[in-house]
Amino acid sequence: MDSRKNRLRTIPQVDFLIRQPQLMQAQTHFGSTRVVSAARAYLQHLRKQLLQETDREVPSLKSICKAVLDQLEQLEKPALYRVINATGVALHTNLGRAPLAKSAIKAVVTAAGCCNLEYDVENGRRGSRNDLVEPLLCEICGCEAAMAVNNNAAALLLALSTLSPGRHVPVSRGELVEIGDSFRVPEIMGQSGAVLTEVGTTNKTKLSDYKTVLNTKPTGLLLKVHTSNYRVVGFTQQVSVRDLSVLAKAHNVPLLVDLGSGAVLEKSQYSFMDEPTVPQILADGADLVCFSGDKLLGGPQAGILLGKRELIEQMRKNPLARALRMDKLSLAALEATLRLYRDPEQAKRELPVLQMLCTSKQELREKANTLLLLLKHSDAHAQFSVLAVSRPVGGGAAPCQELDSFAVAVMPQTMSVTELEQHLRGCVVPIIARISEGRLLLDVSTIETCDFSLIVDQIAKIGKESAQ
Ligand SMILES: *Cc1c(COP(=O)(O)O)cnc(C)c1O
């Protein structure tokens, strides 16, 4: 007991500690309040440790100072930072889904200050934030009216609670989607006040199933949910948007299609995958379509609702619209993203998501070879090779399609592959990669060429550190 007490006595006092040269210097940068509280927190932690682990030695004054400095620096780091996506998943929900186009990033920076968010500058009176994106959405998708809210879950919630409170909404049992991160169609419907009425079975739903509900229950609208992240295959049947729209018209209720991923160009522009497009669904007779801004559209988090003017107007007037509205930074990014779509070629050239998905196999092979050469010429302690791989689109789009890609496979010589993967996550700019068959894969389809040198430097450094 005594020796324990003695050890505790040798721990420096806060006042003494903060007068050490390193920490005096730190105070000019971090301010004395933060240095004192970091020192106090560390000493408390140290005391606890020494009481628990009786054979632990009291660290030197120098290493105590260093620990305090490390902690100060750790606290300085923002919680949200850049990472390099080397997974090959273009729409990676955990990595922020769609990376924005350069013009969208610029627009966000501009809007961060004062801007004309809800001000009609020309006439000197109040304006509407919806006017910033509605004309573009109508032009690109060929619809009467449009609005944007916080995300697609919000779009669905707003549509259901505006158009069908207390009334039935038949949905096919094959379309009761869970998107992940707690978005479940039945739960959203519950929140909206609409009454979910499941129709059909998991694999088969017929037009007559919807008819039965329309004929027997007060029905607010018909909802079709795109099975974005799964497919029901085999002995299946679903009712087409076209057939549903005829039925909806006959019963004078709107047809809402939740498309999820939101491809807005002509179908032929998405040769890499088979997903329904927004213009196609509208042409098939949907009265309203909703989709995410940060999936195939390649913009910021947003939920876009478009279609019949009368319906959009009703939703705009719902008090809930205010709670679900977009902020100026996202609106700025959305506007800039939509502008690119006025010219499909420009959209494909400048939107990172479309670039990642459209790049040809040949180009990806060359890209992988470029990275391979750079890595081979570095003095990294590892073996490298180029490998043909397949990758999903991600973001709950095209679930059954794997796209071709190439990866640089890394076989470290001084550590295990799992350790390498951890090390890469610990880099100044973390590199998120995947492991397959005992190799670490850097899929080049989602890596920007301008990040190659950073990746090479970081990998070379890891090899050295552990070789020492
Ligand atoms: C992704 C998705 C959603 C949820 O969209 P968020 O923008 O993430 O809220 C809803 N419905 C479908 C069909 C989806 O694919």
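Below you will find a few notes about this structure. Not measured: the values here are computed from a predicted model.

1. Quick notes on the site of the ligand
- Asn152, Ser228, Asp258, Ser292 and Lys295 are the nearest of the 13 residues found near the ligand.
- Ala153 is positioned with one of its backbone polar atoms (N or O) 2.9 Å from an oxygen atom of the ligand.
- Between the ligand and Ser292 there is a distance of 2.7 Å, counted from an oxygen atom to a side-chain nitrogen or oxygen.
- Against a free-state accessible area of 380 Å², the protein chains account for coverage of 94% of the ligand.
- Of all elements in the fold, only helix 8 (152-163) and strand 10 (255-260) reach the threshold of two or more residues within the shell around the ligand.

2. Thoughts on the packing of helix 3 (residues 21-30) against helix 5 (residues 61-76)
- Look at helix 3 against helix 5: their axes get within 10 Å of each other, and the N-to-C directions meet at 15 degrees. Here helix 5 runs roughly parallel to helix 3, going by the angle between their axes. The handedness of the crossing between helix 3 and helix 5 is left-handed. Residues Gln22, Leu23, Ala26, His29 and Phe30 of helix 3 form the contact with helix 5, whose own contacting residues are Lys62, Cys65, Val68, Leu69, Leu72, Glu73 and Glu76.
- Here the residues of the contact of helix 3 with helix 5 sort into seven nonpolar, two polar and three charged.

3. What about the sheet that holds strand 13 (residues 382-394)?
- An order of 13-14-17-16 is seen for the four strands of this open sheet, with the pairing classed as antiparallel. Each edge of the open sheet is held by one strand with a lone partner, namely strand 13 and strand 16 (434-436). Taken pair by pair, the neighbouring strands of this sheet meet at an average axis angle of 40 degrees, ignoring direction.
- As judged from the three bridges shared by strand 16 and strand 17 (residues 439-443), these two strands associate in the antiparallel manner.

4. Concerning the pattern of salt bridges
- Applying the stated criterion across every chain yields a total of 26 salt bridges.
- Between Lys66 and Asp70 there is a salt bridge; the shortest N-O distance is 3.0 Å. Of the two residues, Lys66 and Asp70 are both situated in helix 5; the distance of four residues between them amounts to about one turn of the helix.
- Here Glu421 ties to Arg425 by a salt bridge, and the two come within 3.0 Å at their closest N and O atoms. Here Arg425 and Glu421 lie together in helix 19 (residues 417-425), a separation of four residues that amounts to about one turn.

5. Focus on the pairing of strand 5 (residues 168-172)
- Of all five residues that make up strand 5, five are buried, and the element is covered over most of its length.
- Every second residue of strand 5 is oriented toward a common face, with His168, Pro170 and Ser172 on one face and Val169 and Val171 on the other, all of them buried.
- The sheet contact formed by strand 5 and strand 8 (residues 195-199) spans five bridges and is parallel. Bridge pairing in strand 8 places Val171 opposite Glu198.

6. Some thoughts on the nonpolar core
- With 61 residues, the main nonpolar core has Leu306 and Tyr341 as its most contacted residues.
- Element by element, the count of residues in this core is highest for helix 7 (residues 134-141), at five residues.
- For Leu306, the contacting residues outside a window of four places in its chain are Leu137, Cys141, Cys143, Ala145, Ala146, Val278, Leu282, Asp287, Leu288, Val289, Phe291 and Ile312.
- Counting 32 residues, the second largest nonpolar core, distinct from the first, contains Ala154, Leu158, Ala194 and Cys290.

7. Structural notes on the sheet that holds strand 12 (residues 303-307)
- Spatially, the five strands line up as an open sheet ordered 4-12-11-10-9, and their pairing is mixed. Looking along the sheet, the strands with just one partner apiece sit at the ends: strand 4 (145-149) and strand 9 (222-225). In this sheet, neighbouring strand axes are inclined to one another by 15 degrees on average, regardless of whether the strands run parallel or antiparallel.
- In this sheet, strand 12 lies alongside strand 4 in antiparallel orientation, the contact comprising five bridges. Note on strand 12: the bridge partner recorded for Ala148 is Ile304.

8. Considerations on the layout of surface pockets
- In this structure, the second largest pocket encloses a volume near 490 Å³.
- Every residue lining the second largest pocket is counted, 27 residues in all, and those nearest its centre are Glu175, Lys224, His226, Thr227 and Gln238.
- Taken together, the elements giving at least two residues each to the lining of the second largest pocket come down to strand 9, helix 11 (241-250), strand 10 and helix 12 (278-283).
- Classifying every residue of the lining of the second largest pocket by side-chain character gives 10 nonpolar, nine polar and eight charged.

9. Observations regarding the environment of Thr418
- Secondary-structure assignment places Thr418 in helix 19.
- Relative accessible area serves as the criterion here: at 48%, Thr418 is assigned to the partly exposed category.
- When the C-alpha positions of Thr418 and Val246 are compared, they lie 56 Å apart, and in sequence the two are 172 residues distant.

So, how was this worked out
- Residues numbered from 1 in each chain as written.
- Predicted model: local features only at pLDDT ≥ 70, side-chain atom pairs only at ≥ 80, totals over all residues.
- Heavy atoms only, no water.
- Near = heavy atom within 4 Å.
- Polar contact = N/O pair within 3.5 Å; in protein donor to acceptor, adjacent residues only side chain to side chain.
- Areas by Shrake-Rupley, 256 points an atom, 1.4 Å probe, with all protein chains shown as cover.
- Helix = DSSP H or I, 4+ residues; strand = E, 2+ residues; numbered from the N terminus.
- Axes fitted to C-alpha atoms, helices over the stretch in contact; angles between N-to-C directions.
- Parallel < 35°, antiparallel > 145°, perpendicular 65-115°, else oblique.
- Left-handed = near helix turned anticlockwise from the far one by under 90°.
- Contact = heavy atoms within 4.5 Å.
- Nonpolar A, V, L, I, M, F, W, Y, C, P; charged D, E, K, R; others polar.
- Pairing = 2+ DSSP bridges.
- Salt bridge = Lys/Arg side-chain N within 4 Å of Asp/Glu carboxyl O.
- Buried < 20%, exposed > 50% of the residue type's maximum accessible area, 1.4 Å probe, protein only.
- Core = buried A, V, L, I, M, F, W, Y, C linked by side-chain atoms within 4.5 Å.
- 1 Å grid on protein atoms, 1.4 Å probe; cavity = no way out; pocket = protein on both sides within 12 Å on 5 of 7 lines; lining within 4 Å.
- Points joined across faces, edges and corners; volume = space filled by probe spheres on them.

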